[in-house]
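Here is how the chains run, residue by residue.
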Amino acid sequence: MTDISAPDPGNEGRGAPPGTLGLGDVYAMRESSVVKPELASKNAVRLGFWAAILTAIVAAVFMVVGIATPPRSGPFCGTACVPYPYTDVAAFIPQDYLWLYPGFLLAALFVVLMACIHGYVAEDRKIFSRIGLSFAILYAAVILVDYFIQLAVVVPSLQAGENAGLSLFTQYNPHGIFIVFEALGYLLLITALLFLAPVFAGGREERVIRWSFVLGFALAVSAFVALPLVGYDIVAFEVTVLMIDWVVLILSGVLLALVFRGAARSAPIQKTKAAPGV
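Just so it is clear, the structure is predicted and the values come from calculations on it, not from any experiment.

Draft legend 1. Molecular detail of helix α7 (residues 204-229). Taking 1.5 Å of rise per residue, the 26 residues of α7 would be expected to cover 38 Å, and the 37 Å separating its terminal C-alpha atoms lies within 8% of that figure. The principal kink in α7, of about 25°, is found at A223. Those residues of α7 that fall on the buried side of the exposure criterion are E206, I209, R210, S212, F213, G216, A220, A223 and L227. As for α7, its buried residues are in contact with α4 (100-120), α6 (177-196) and α8 (234-266).

Draft legend 2. Quick look at α6. In this model α6 runs 29 Å from its N-terminal to its C-terminal C-alpha over 20 residues, within 8% of the 28 Å that 1.5 Å per residue would give. Extensive coverage of α6 is indicated by the burial of 14 of its 20 residues.

Draft legend 3. Representation of the packing of aromatic side chains. Inspection of the entire model under this criterion finds 16 aromatic pairs. When the ring of W99 is compared with that of F178, the centres are 6.2 Å apart and the planes differ by 90°; the resulting orientation is edge-to-face. Taken together, the positions of W99 in the loop between α3 (37-68) and α4 and F178 in helix α6 put the pair 79 residues apart, joining distant regions of the chain. Judged by its relative accessible area of 8%, W99 is buried. For the pair Y139 and Y186, a centre-to-centre distance of 5.7 Å together with 50° between the ring planes defines the contact as tilted. Linking Y139 in helix α5 (residues 126-159) with Y186 in helix α6, this pair joins segments that are 47 residues apart in sequence. The class of Y186 is buried, set by a relative accessible area of 1%. An aromatic cluster of at least three residues, connected via ring pairs, comprises F62, W99, F104, F110, Y139, Y147, F178, Y186 and W246. Just above the ring of F92 sits the side chain of R72; from NZ or CZ to the centre is 3.8 Å.

Conventions used here
- Residues numbered from 1 in each chain as written.
- Predicted model: local features only at pLDDT ≥ 70, side-chain atom pairs only at ≥ 80, totals over all residues.
- Heavy atoms only, no water.
- Helix = DSSP H or I, 4+ residues; strand = E, 2+ residues; numbered from the N terminus.
- Expected span 1.5 Å × (residues − 1).
- Bend = angle between axes of the 7 residues up to and from the residue.
- Buried < 20%, exposed > 50% of the residue type's maximum accessible area, 1.4 Å probe, protein only.
- Contact = heavy atoms within 4.5 Å.
- Phe/Tyr/Trp six-rings, centres within 6.5 Å; stacked < 30°, edge-to-face > 60°.
- Lys NZ or Arg CZ within 6 Å of the ring centre and 35° of its normal.

By themselves, these figures tell us nothing about what the structure is for.
Structure, rendered in C-alpha cells:
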C-alpha cells in the first residue's frame, strides 16, 4: 500500500515493510471522519429535553388563548354572531388573531421535537419515527401556510376595507378554507404521533406516552366519522381535534422531557479506544 500515515506497529512484526498503512490505521481514520452514533444521540437528548418542555408550554398557552377567543360564527357562536360574508370583523382585529401566534411556534417546535426523537430512538425503530417525522413536516407546512395567509393577507385586507373575495379565506367562515386546512393540519399532527407510538416501549412514562398517542388518534378519527353523522360540520371536528392535540401534547411534552432527562443521566461516558491492528 502507499505510505500515507504513521505506520501501524502491529504490521512490522508480521513482515510488512516499515511505514506501511495497516488495516487498524484504516479503521481509525474511518472512525475519525464520521459523527459517532453516541454523540448524535447525546445531542438529540439534550435538544429533545428542551423541545419537549417548550412544546408542552406553548401547547398550554395555545389552548388558553384559543379557548379565551370567543367564536364569532359557526355552531359554537352564542350571540352577536358575524353573518355572511364574514368580512365585517375589523372591530375584532387584532384580538381575535392573537391565538394564531402560539400556533406558529408550536408547528416549528413540534418538528424539532420529532427530529430529536428520531435521532434518539434505536435503529430498529427508526422506520416508525421517520414516518412520524414525515407527517409532522406535512402538519407544519399546512398550518404555517394557513396561519400566515390569515396574518399576511386576510387581516391587512380587512383593515383596508378590501373585502372582495375574502369570504372563502377568513377564519370566521365555518365552511371556509381556513377551517378546512386547520382541521387537516391537526389531523396530520395526531397521525404523526400515532406512528411514533411503537417507538416507546420502556418504563412507565414511555407506556403512558405510547397509549396517549394511540388514544388521541382513535378519538380524532372517531370524531371525524361520528360528528357529521349527528349533524355537526367541519367546525365541530376542527375544535375537537384541536382540543385532543392540545391535551396530548401537554401531557406527552412533560413525559418526554422526563424520558430525555433520564436518558441523559443514564448515558454512559464514552471513551475513545485506539483500533487494534489487524
